[in-house]
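One-letter residues, chain by chain:
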Amino acid sequence: MAAATKVPEVRDITRVERIGAHSHIRGLGLDDALQPRQVAQGLVGQLASRRAAGVILEMIKDGHIAGRAVLIAGQPGTGKTAIAMGIAQSLGQDTPFTALAGSEIFSLEMSKTEALSQAFRKAIGIRIKEETEIIEGEVVEIQIDRPATGTGTKVGKLTLKTTDMETIYDLGNKMIESLVKEKVQAGDVITIDKATGKISKLGRSFTRARDYDAMGAQTQFVQCPEGELQKRKEVVHTVSLQEIDVINSRTQGFLALFSGDTGEIKSEVREQINAKVYEWREEGKAEIIPGVLFIDEVHMLDMECFSFLNRALESDLSPVLIMATNRGITRIRGTNYQSPHGIPIDLLDRLLIIATSPYTEKETRQILKIRCEEEDVEMSEEAHTVLTRIGMETSLRYAIQLISTAGLVCRKRKGTEVQVEDIRRVYSLFLDETRSSQYMKEYQDSFLFNETQSLQMDTS
């Protein structure tokens, strides 16, 4: 009997993605009329808050307003940061969104106002338009002549055509290397930037669709370009004001963008850049995009920061400011004055306040189901019920933390879905805030009792 041929195991290579606290959020979950759905795009409940956030979102998308400030206030674990992340996801890639925590600005490397200034400038985008000359056509033939000795300069000819004309271009060594690198061959539709020499492949010509060539599934077929080979094309670049500041503030500014060592930037540099941006806008070369700056735990800021925010919001180059806090009446940091949310009254007058409310049991259960899907954990209905009850009695965040740990316990016993026993196991291993405080109190009481007993024995 012939020996069985062993087939090697083939494993799929999948992209590994980290699962964050809000990675399940895809948007605000609103319809075209800005009416929130009960469960949509990862958000559950908070209908009034999400509708208010949708109005703010439309204001931001219009791009004609600046200096508006919003405060999202509510108890811990009621979805304040989730709503801000939903706004960020709904805005897309074109609108700048900068997020930071209130404690991030306290650094020894730069002042608090400088850190806030840089955050403000990151949240303002500049869409710069410029015209560039390109050569666009279908490759008819490429001829490359290599020296017989193997060393020396390569020369060649490139024949390009459109529906109206055909031209032969002489190639230098640099262009030959670019063509070889991009794997350009006859039948490809390409563009060549005359200023930089960059070559881009747009796809294969439809005239070559019936060729018996080995092509991948990703091969894209395009029409042969029309008109002249040389064209003027408008190119749009989107950068933030902070990036322009860093590049112009030092000789090696471009490298500082990658290292993150931006340092303090002089106000004179910013004023010159602002003047240039206004000039570009008047000439139609640039467009200002007011983005969003999100400051979480805003009660951590002090009076100096709040005073700076008051002034910064009055500037024309100001983003939409969204803040979040879980404090009620509390002391303003750095003072003895108490104020709602730990924010001075004069700044509160500028804010549109969105309130969040605690989740109901049904909403908590739905959120836990969404997190189970995000973390790829199968859970039985009974385990869901127990986990929901734990979330209502302790906190939603604690219940979410138990999902992945219960999944690990389930895999350890080689189960397919998390059962009630797995939830009970991790519930006994990891304490919530109430049980931890009770444990520490009992430990402290027993410690004091033992100390008292030993003192009494010493005195006797």
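Residues numbered from 1 in each chain as written. Predicted model: local features only at pLDDT ≥ 70, side-chain atom pairs only at ≥ 80, totals over all residues. Heavy atoms only, no water.

Undergrad: What is the right way to look at the sheet that holds strand β13 (residues 292-296) in this model?
TA: Strands in a sheet are paired, the pairing made by backbone hydrogen bonds, and the direction either parallel or antiparallel. Across the sheet, which stays open at both edges, the 5 strands sit in the order β4-β13-β14-β3-β17 with parallel pairing between neighbours. Single-partner strands in this sheet number two, and they are β4 (97-101) and β17 (351-355). Neighbour-to-neighbour, the strand axes of this sheet turn through a mean angle of 20 degrees, independent of strand direction. Where β13 and strand β14 (residues 320-325) come together, 4 bridges link them in parallel fashion. (Pairing = 2+ DSSP bridges. Helix = DSSP H or I, 4+ residues; strand = E, 2+ residues; numbered from the N terminus. Axes fitted to C-alpha atoms, helices over the stretch in contact; angles between N-to-C directions.)

Undergrad: It is not clear to me how unusual backbone geometry should be interpreted in this structure. Could you clarify?
TA: Excluding glycine, a negative phi dihedral is what most residues carry, and trans is how most peptide bonds are arranged. In the Ramachandran plot, Lys183 falls in the positive-phi region, its phi being about 55 degrees despite a non-glycine side chain. Checked against the element boundaries, Lys183 lands in the loop between α4 (173-181) and β8 (188-193). A positive phi is found at Asp376, a non-glycine position, where the angle reads about 55 degrees. Take Asp376: it is sitting in the loop between α10 (361-374) and α11 (381-393).

Undergrad: Hey, could you run me through a nonpolar patch on the surface in this one?
TA: Taken together, the side chains of Leu431, Tyr439, Met440 and Tyr443 define a hydrophobic patch exposed on the protein surface, amounting to about 440 Å² of accessible area. Among the secondary structure elements, Met440 is positioned in helix α14 (residues 433-459). (Patch = residues over 30% accessible without salt bridge, like charges linked within 9 Å, V, L, I, M, F, W, Y side chains within 5 Å. Areas by Shrake-Rupley, 256 points an atom, 1.4 Å probe, with all protein chains shown as cover. Salt bridge = Lys/Arg side-chain N within 4 Å of Asp/Glu carboxyl O.)

Undergrad: What exactly am I supposed to notice about the packing of helix α3 (residues 112-122) against helix α7 (residues 267-283) here?
TA: Packed helices, taken two at a time, are described by their axes: the angle between them and the distance between them. Two elements in contact, α3 and α7, have axes separated by 13 Å at closest approach and are oriented at 20 degrees. Classified by the angle their axes make, α3 and α7 are roughly parallel. The handedness of the crossing between α3 and α7 comes out as left-handed. Contact with α3, carried on its side by Glu114, Ser117, Gln118 and Arg121, involves Arg270, Ile273 and Asn274 of α7 and no other residues of that element. For the contact of α3 with α7, the per-class residue count stands at 1 nonpolar, 3 polar and 3 charged. (Parallel < 35°, antiparallel > 145°, perpendicular 65-115°, else oblique. Left-handed = near helix turned anticlockwise from the far one by under 90°. Contact = heavy atoms within 4.5 Å. Nonpolar A, V, L, I, M, F, W, Y, C, P; charged D, E, K, R; others polar.)

Undergrad: Honestly, the confidence of the model for the chain in this entry has me stumped. Any pointers?
TA: Caution applies to low-pLDDT regions: their predicted coordinates should not be interpreted in detail. In this model, the chain carries a mean pLDDT of 80, and residues with pLDDT of at least 70 account for 86%. Low confidence marks residues 1-16, where pLDDT is under 50. Its contacts with residues over four positions away, or in another chain, come to 0 contacts. (pLDDT = per-residue confidence, 0-100.)

Undergrad: Explain the pattern of salt bridges to me, please; I cannot follow it from the model alone.
TA: Side chains that carry opposite charge are capable of pairing whenever their charged atoms lie near each other. In total, this model carries 18 salt bridges according to the counting rule given. Lys231 serves as the salt-bridge partner of Glu136, at 3.1 Å between the closest nitrogen and oxygen. Of this pair, Glu136 sits in strand β5 (residues 124-145) while Lys231 sits in strand β11 (residues 230-240), and the two are 95 residues apart along the sequence. Of the residues examined, Glu136 reaches a relative accessible area of 17% and is grouped as buried. You can call Lys231 partly exposed: its relative accessible area is 24%. Across the pair Asp170 and Lys157 runs a salt bridge, and its minimum N-O distance is 3.1 Å. You can see Asp170 sitting in strand β7 (residues 166-171) and its partner Lys157 sitting in strand β6 (residues 155-161), a full 13 residues away along the chain. By relative accessible area, which is 62% here, Asp170 ends up exposed. Among the residues examined, Lys157 registers a relative accessible area of 40% and is labelled partly exposed. Each of Glu114, Arg121, Asp245 and Arg270 takes part in salt bridges that share partners, so that together they form one network. (Buried < 20%, exposed > 50% of the residue type's maximum accessible area, 1.4 Å probe, protein only.)

Undergrad: Quick question: what am I supposed to make of the environment of Gly86 here?
TA: With respect to the helices, strands and loops of the structure, Gly86 is situated in helix α2 (residues 80-91). Under the relative-accessibility criterion, Gly86 is labelled buried at 0%. Setting aside its immediate chain neighbours within four residues, Gly86 contacts Ile25, Gly27 and Leu28.

Undergrad: Honestly, the environment of Phe308 in this entry has me stumped. Any pointers?
TA: Its location among the elements puts Phe308 in helix α8 (residues 303-312). As a C-alpha pair, Phe308 and Leu116 span 192 residues in sequence and 8.3 Å in three-dimensional space. Discounting residues that sit within four places of it in the chain, Phe308 has contacts with Thr113, Leu116, Ser117 and Phe120.

Undergrad: What exactly am I supposed to notice about α7 here?
TA: End to end, α7 covers 24 Å across 17 residues, agreeing with the expected 24 Å (1.5 Å per residue, within 8%). All of the buried residues along α7 are Val269, Arg270, Ile273, Asn274 and Val277. The buried residues of α7 occupy an angular sector of 135 degrees when projected down its axis, which confines them to one face. Turned more than 90 degrees off the buried face of α7, the exposed positions are Glu271, Gln272 and Glu282. Against α3, β5, α5 (241-249) and β12 (286-290) lie the buried residues of α7. (Expected span 1.5 Å × (residues − 1). Arc of directions from axis to C-beta.)

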